[in-house]
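Chain by chain, the residues run as shown.
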Amino acid sequence: MEKESFKHTPVMLKEALAILEPGRGKSFVDATLGAGGYTFRLAEMIKPDGIVIAIDLDRRAIEHGRRIIGQNNGLYNNVILANDNFKNLTAVIDDNWPPAKEKKIDGIVLDLGMSSAQLNDKTRGFSFQADAPLDMAFGRSAKDTDGISTAAVINSWPIEKIALIIKDFGEEKFYRKIAGAIGKTRKTGTIATTAELVEIISRAVPPSYRHDRRLHFATRTFQALRIATNRELDNLLSVLPLAVKALTPGGKLVIISYHSLEDRIVKNFLRAESRGCICPPSFPVCNCGHQATLKIITKRPLPPTPAETDANPRARSAKLRAAIKI
């Protein structure tokens, strides 16, 4: 078989690499392997002594990564793949770090976006563009999502809770109408496929919204259900302090988010960890003992370039934030 050269370019790769400064002998963690763009570019730039631990909960992403490694004749023998949730970052690093190598992590990258492979997989329920089972879980077993399934959310959760999910995680202005339509439909039978859900949303929103060419009318609802299914915000809150702890002093943390709630979590975390005392202003004396662990590199989030968004419209909502461990 002819070797598979890696052609996928992830969002804001150039900007991330400029911050991470990969070089010979450095080691990194790509906590969101996806299609592998960050992992394999980093691996090429830190050979022969550096390593990349790449984590993904999606088994198919790991299988894709293994194919790339196998087809490139040792080029990526410094990549270690881990099929796990990045909320388990500390354990993943401990379990996979080569025993003979000093544990020194120079950078961690988290790209929180969906991969094209996931969106284009017609056997899964991530996309509203194809009819598939209502399954938006990154992992392939109940334990991967703490027992949550998209079908269970839609068919059994209280309508008030579904409405809040669509409102908060999807920032969807017609959340009440959509949740109400889901409640009405499920009284007559199970909602089992993405096509059924799209039809329900279509009936719930006004014609002008359905025909808006800027954004498909089901986008925000699907996003909200995916975030809820995979507990994405909870996992992000869990991994950020673990990432700081794992980095060696001087190590860089780079995070690319695509959703305002994700970006807010990242922004608030970086701000808190770049400050010393975090006691309320009314306290006359510091009682918290908190010390800054990070220095923020990006005073404002970096957006993708116009050229990148023209080539890849999915990049348009990306925001990159970065910090260095003190």
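In this report, we go over the structure that sits alongside the text. (Residues numbered from 1 in each chain as written. Predicted model: local features only at pLDDT ≥ 70, side-chain atom pairs only at ≥ 80, totals over all residues. Heavy atoms only, no water.)

A few points about the pattern of salt bridges
Summed over all chains, the structure comprises 10 salt bridges. Residue Glu199 is joined to Arg203 by a salt bridge in which the shortest nitrogen-to-oxygen separation is 3.7 Å. Here Arg203 and Glu199 lie together in helix H9 (residues 194–204), a separation of four residues that amounts to about one turn. Here Arg203 falls in the exposed class, since its relative accessible area comes to 53%. For Arg321, the salt bridge goes to Asp263, with nearest N and O atoms at 2.7 Å. Of this pair, Arg321 sits in strand E7 (residues 319–325) while Asp263 is found in helix H13 (residues 260–273), placing the two residues 58 residues apart along the sequence. Each of the two residues, Arg321 as well as Asp263, counts as buried. When salt bridges with common partners are traced through the structure, they connect Asp263, Lys319 and Arg321 into a single cluster. (Salt bridge = Lys/Arg side-chain N within 4 Å of Asp/Glu carboxyl O. Helix = DSSP H or I, 4+ residues; strand = E, 2+ residues; numbered from the N terminus. Buried < 20%, exposed > 50% of the residue type's maximum accessible area, 1.4 Å probe, protein only.)

Topic: the environment of Lys177
Topologically, Lys177 is positioned in helix H8 (residues 175–186). Taking C-alpha positions, Lys177 is 5.6 Å from Ala204, a pair spaced 27 residues apart along the chain.

Brief notes about the pairing of E7
Of all the seven residues making up E7, five are buried; the element is thus mostly covered by neighbouring parts of the structure. With six bridges joining them, strand E5 (residues 252–257) and E7 adopt antiparallel strand pairing. Along E7, the bridge assignment pairs Ile256 with Leu320. Direction of pairing for strand E6 (residues 294–296) relative to E7: antiparallel, over a ladder of three bridges. Bridged to Leu294 within E7 is Lys325. (Pairing = 2+ DSSP bridges.)

Structural notes on the packing of aromatic side chains
With the rule as written, the count across this model stands at two aromatic pairs. Plain terms: the ring middles of Phe174 and Tyr209 are 4.8 Å apart, the flat faces sit at 70 degrees to each other, and that makes the pair edge-to-face. Of this pair, Phe174 sits in the loop between helix H7 (159–170) and H8 while Tyr209 sits in helix H10 (residues 207–210), and the two are 35 residues apart along the sequence. (Phe/Tyr/Trp six-rings, centres within 6.5 Å; stacked < 30°, edge-to-face > 60°.)

Some words on the sheet that holds strand E1 (residues 28–30)
Spatially, E3-E2-E1-E4-E5-E7-E6 is the arrangement adopted by the seven strands of the open sheet, whose pairing is mixed. One side of each edge strand has no neighbouring strand; the edge strands of this open sheet are strand E3 (79–83) and E6. The sheet shows a mean angle of 20 degrees between the axes of neighbouring strands, taken without regard to direction. Where E1 lies against strand E2 (residues 52–56), three bridges are found, and the strand directions are parallel. Each residue of the ladder has a partner; that of Val29, found in E2, is Ile53. Each of E1, E2, E3, strand E4 (107–111) and E5 is contacted by helix H2 (residues 37–45), which is oriented at about 175 degrees to E2, the strand it contacts most. Of the strands in this sheet, E5, E6 and E7 are in contact with H13, which crosses E7 at around 20 degrees. (Axes fitted to C-alpha atoms, helices over the stretch in contact; angles between N-to-C directions. Contact = heavy atoms within 4.5 Å.)

Details of the pairing of E3
For a regular strand, side chains alternate in direction, first toward one face of the sheet and then toward the other. Judged by how many residues are buried, E3 sits mostly within the fold: four of five residues are covered. In this fold, E2 hands off to helix H3 (residues 59–70), which returns the chain to E3; that crossover is right-handed. (Right-handed = clockwise from strand over helix to strand, strands pointing away.)

Focus on the nonpolar core
Proteins that are soluble and globular tend to have nonpolar side chains buried together. The biggest cluster of nonpolar side chains holds 33 residues, and the ones touching the most others in it are Val29, Ile53, Leu89, Ile108, Leu110 and Leu253. Elements supplying a minimum of two residues to this core: E2, E3, helix H4 (89–96), E4, helix H12 (232–246), E5 and H13. When residues in this core are grouped by element, the largest group, six residues, is from H12. Leaving out residues up to four positions away in the same chain, Val29 has contacts with Ile53, Ile55, Leu89, Ile93, Ile105, Gly107, Ile108 and Val109. (Core = buried A, V, L, I, M, F, W, Y, C linked by side-chain atoms within 4.5 Å.)

Some words on the side chain of Ser257
Relative to the helices and strands, Ser257 resides in strand E5. Overall, Ser257 belongs to the buried group, its relative accessible area being 2%. When sequence neighbours within four positions are dropped, the list of residues in contact with Ser257 reads Leu112, Glu262, Asp263, Ser317, Ala318 and Lys319.

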